[in-house]
Amino acid sequence: MGFWKSLFGGEEENTEEAKRNAEDKNFDLLKYDGVKALRMNQVEYAEKCFREALKIHDDLETRDYLQQTLIRQGRLEDALAELKVMAAAAPDNVAVLMQAAHVAYMLEDYPEMQAICEQALAIDPDHAMANYQLAQAALGQGDLIGTIARLTKAIASAENLADARLLRSKVLLKMGDLKGAGEDVDWLLAHTTDEEDVLLQAARLMHAKADDDGAMTLYNKVIDLNPFQIDAYSERGKIRYDRGDKQGAEEDMQKVLELNPNALADVSGEYSAEGIEEKVKKAYTILNPFGI
């Protein structure tokens, strides 16, 4: 029997099959050891496992785990490179492109983000998140009109995309369109419950409309919801200062410095009775609340 196997290559075939089986087994062990390490936040070991696994099989799921590992290490450029490999291997996978665009956003590489989003929109022109992320890229490059256009298209594709409505309200407020900004805020208030970002935007809009009493009420509500919301203290303090409430303005500025000691590098957090008004004034000038 062994003679016939030898004659017709049976032993060689079995050897090749055994080799493939061993490779598959090693790949699975490395991949799932990496997944386990990633879940335990042992990111360096996870990366080693995934890279060794990829030497055996170029597997997209393993590359996805690898890019997640790299992001956790703060190695965003390396993560983006892995995502580009994935996108090249699966050119119609919009989800991969959206993750790549998100990493480009974290890198503040807005031209790269724009190119990735345009690639996604070539596949699905009405993809809501692709339009939303393209709007973020446009905003990062100072294109306010383009930002509004893309946000409007995103909302047309997914009217419940609250993030797009919130960003559009912020940009419209910056452009001085209080009516348009208010329409988005009204929708958000009607469709969300005690969302601090929405309440903060509503407070800013009220301040822009010279309704500082309404703005103060909302800032107080934001701070009740989140006592660590620095912007709320800063912006409420500016209103207090402008209204002549120097003590209230000082208290809010002290809270800003307590939450972020580096917020004002050249203004001491140690206030004294002497010169306190000048220090508070300088602090609010540097912080520039409402400078959207």
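Residues numbered from 1 in each chain as written. Predicted model: local features only at pLDDT ≥ 70, side-chain atom pairs only at ≥ 80, totals over all residues. Heavy atoms only, no water.

Draft legend 1. Spotlight on the packing of aromatic side chains. Applying the stated criterion to the full structure yields two aromatic pairs. The ring centre of W187 lies 4.2 Å from the NZ or CZ of R165, which sits over that ring. Between the NZ or CZ atom of K246 and the centre of the ring of Y241, over which it lies, the distance is 5.1 Å. (Phe/Tyr/Trp six-rings, centres within 6.5 Å; stacked < 30°, edge-to-face > 60°. Lys NZ or Arg CZ within 6 Å of the ring centre and 35° of its normal.)

Draft legend 2. Main features of unusual backbone geometry. Even without being a glycine, N41 presents a positive backbone phi close to 65°. By secondary structure assignment, the location of N41 is in the loop between α2 (10-39) and α3 (43-56). For N41, a relative accessible area of 51% corresponds to the exposed category. Even without a glycine there, the phi angle at A210 is positive, about 70°. Examined against the element boundaries, A210 turns out to sit in the loop between α12 (196-208) and α13 (212-225). We classify A210 as exposed; its relative accessible area is 68%. (Helix = DSSP H or I, 4+ residues; strand = E, 2+ residues; numbered from the N terminus. Buried < 20%, exposed > 50% of the residue type's maximum accessible area, 1.4 Å probe, protein only.)

Draft legend 3. Focus on helix α9 (residues 144-157). The first and last C-alpha atoms of α9 sit 20 Å apart over 14 residues, in line with the 20 Å expected at 1.5 Å per residue. Taken together, the buried positions of α9 are G146, T147, I148, L151, A154 and I155. The inward-facing, buried residues of α9 abut α8 (128-140) and α10 (162-174). The residue sitting at the N-terminus of α9 and contributing the capping side-chain oxygen is D143; that oxygen lies 2.9 Å from the backbone nitrogen of G146. (Expected span 1.5 Å × (residues − 1). Contact = heavy atoms within 4.5 Å. Polar contact = N/O pair within 3.5 Å; in protein donor to acceptor, adjacent residues only side chain to side chain.)

Draft legend 4. Representation of the confidence of the model for the protein chain. Looking at the protein chain, the pLDDT average stands at 90 and 85% of residues meet or exceed 70. For residues 266-276, every residue scores under 50 in pLDDT, and the model assigns this stretch 19 contacts once sequence neighbours within four places are set aside. (pLDDT = per-residue confidence, 0-100.)

Draft legend 5. Representation of the packing of helix α4 (residues 60-72) against helix α5 (residues 76-89). Contact geometry of α4 with α5 gives a least axis separation of 8 Å together with a crossing angle of 160°. It follows from the interaxial angle that α4 and α5 lie roughly antiparallel. Two packed elements cross with a definite hand, and for α4 against α5 that hand is left-handed. Contacts between α4 and α5 involve L60, R63, D64, L66, Q67, L70 and I71 from the former and L76, D78, A79, E82, L83, V85, M86 and A89 from the latter. Within the contact of α4 with α5, the residues separate by chemical class into ten nonpolar, one polar and four charged. (Axes fitted to C-alpha atoms, helices over the stretch in contact; angles between N-to-C directions. Parallel < 35°, antiparallel > 145°, perpendicular 65-115°, else oblique. Left-handed = near helix turned anticlockwise from the far one by under 90°. Nonpolar A, V, L, I, M, F, W, Y, C, P; charged D, E, K, R; others polar.)

Draft legend 6. Quick peek at the nonpolar core. In this structure, Y132, L151, L161, A164, Y219 and A232 are the most contacted members of the largest nonpolar core, which totals 32 residues. For this core, the element with the highest residue contribution is α13, accounting for six residues. Dropping the residues within four chain positions of it, A164 is found in contact with Y132, L151 and I155. Counting residues in hydrophobic clusters, the runner-up holds 22 residues, among them L97, M98, A101 and M113. (Core = buried A, V, L, I, M, F, W, Y, C linked by side-chain atoms within 4.5 Å.)

Draft legend 7. Region of interest: the side chain of Q201. For Q201, the location among the structural elements is in helix α12. A residue is classified by how much of its surface remains accessible, and Q201, at 1% relative accessible area, is buried. A distance of 3.0 Å separates a polar atom in the side chain of Q201 from a polar atom in the side chain of S169. Ignoring any residue separated from it by four or fewer positions in sequence, one finds Q201 in contact with L166, S169, K170, L173 and V185.

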